[in-house]
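Chains, contacts and geometry: an overview
The chain contents come next:
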Amino acid sequence: VIPAWCNLGVALHLCDIPDEAEKVYRKGLELASASSQCHQLWNNLGNLYRQQGRYTDAEKAYAECLKRKGDYAPAFNNLALLYISCNQWDHAEEMLERALQADTKFDCAQSNLLKLRALRN
């Protein structure tokens, strides 16, 4: 059930219908709050908020995601992207390192960490 809500929300988000995407993510969370997979909905909601510039809401959504699955590498990577957007380089680097601790083969986080370090030097 959760993947369907995630996929629908992502589709709406990609079609530039953010209000509907947010409703879908919220409805999915309402229906599956006890599910072990609801962390994905929180992560996707965080991405939506981050891309809208709603950084405080995004940070809270990623925190909810990590509260439910503390080793979810994509959420750490997305938090890093949020911190980069806010020029919080140290926090961004820490989140990318945590993403790689959670998943040593997470190419996206590896690439983002290399780019961040190059940007900082």
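Residues numbered from 1 in each chain as written. Predicted model: local features only at pLDDT ≥ 70, side-chain atom pairs only at ≥ 80, totals over all residues. Heavy atoms only, no water.

Let us now look at helix α5 (residues 73–85). The first and last C-alpha atoms of α5 sit 19 Å apart over 13 residues, in line with the 18 Å expected at 1.5 Å per residue. Three or more residues of α5 are buried, namely A73, A75, F76, N77, N78, L79, A80, L82 and Y83. Residues of α5 that are buried sit in contact with α3 (38–51), α4 (55–68), α6 (89–102) and α7 (107–120). A positive phi of about 60 degrees marks N87, the residue just after α5. (Helix = DSSP H or I, 4+ residues; strand = E, 2+ residues; numbered from the N terminus. Expected span 1.5 Å × (residues − 1). Buried < 20%, exposed > 50% of the residue type's maximum accessible area, 1.4 Å probe, protein only. Contact = heavy atoms within 4.5 Å.)

As a packed pair, helix α1 (residues 2–14) and α3 sit with axes 9 Å apart at the nearest point and diverge in direction by 10 degrees. As the angle between them shows, α1 and α3 are arranged roughly parallel. Contacts between α1 and α3 involve I2, W5, C6, V10 and H13 from the former and Q40, L41, N44, N47, L48 and Q51 from the latter. Within the contact of α1 with α3, the residues separate by chemical class into 6 nonpolar, 5 polar and no charged. (Axes fitted to C-alpha atoms, helices over the stretch in contact; angles between N-to-C directions. Parallel < 35°, antiparallel > 145°, perpendicular 65-115°, else oblique. Nonpolar A, V, L, I, M, F, W, Y, C, P; charged D, E, K, R; others polar.)

Next up on the list: the pattern of salt bridges. For the structure on display, the rule yields 11 salt bridges. For D90, the salt bridge goes to R120, with nearest N and O atoms at 2.5 Å. Linking D90 in helix α6 with R120 in helix α7, this pair joins segments that are 30 residues apart in sequence. What makes D90 exposed here is its relative accessible area of 56%. A relative accessible area of 36% places R120 in the partly exposed class. Each of D90, E93, E97, R117 and R120 takes part in salt bridges that share partners, so that together they form one network. (Salt bridge = Lys/Arg side-chain N within 4 Å of Asp/Glu carboxyl O.)

Now for unusual backbone geometry. The phi dihedral of D16 is positive, around 60 degrees, even though this residue is not glycine. Assignment of secondary structure puts D16 in the loop between α1 and α2 (18–31). Here D16 falls in the exposed class, since its relative accessible area comes to 64%. Phi at N87 takes a positive value of approximately 60 degrees, unusual for a residue other than glycine. Assignment of secondary structure puts N87 in the loop between α5 and α6.

You can see Y83 is positioned in helix α5. Other than its neighbours up to four places away in sequence, Y83 contacts E59, Q88, H91, A92 and M95.

Turning next to the nonpolar core. Grouped together as the largest cluster of nonpolar side chains are 36 residues, with contacts concentrated most on W42, L45 and L79. Those elements that provide at least two residues to this core are α1, α2, α3, α4, α5, α6 and α7. With 7 residues, α5 is the largest single contributor of residues to this core. (Core = buried A, V, L, I, M, F, W, Y, C linked by side-chain atoms within 4.5 Å.)

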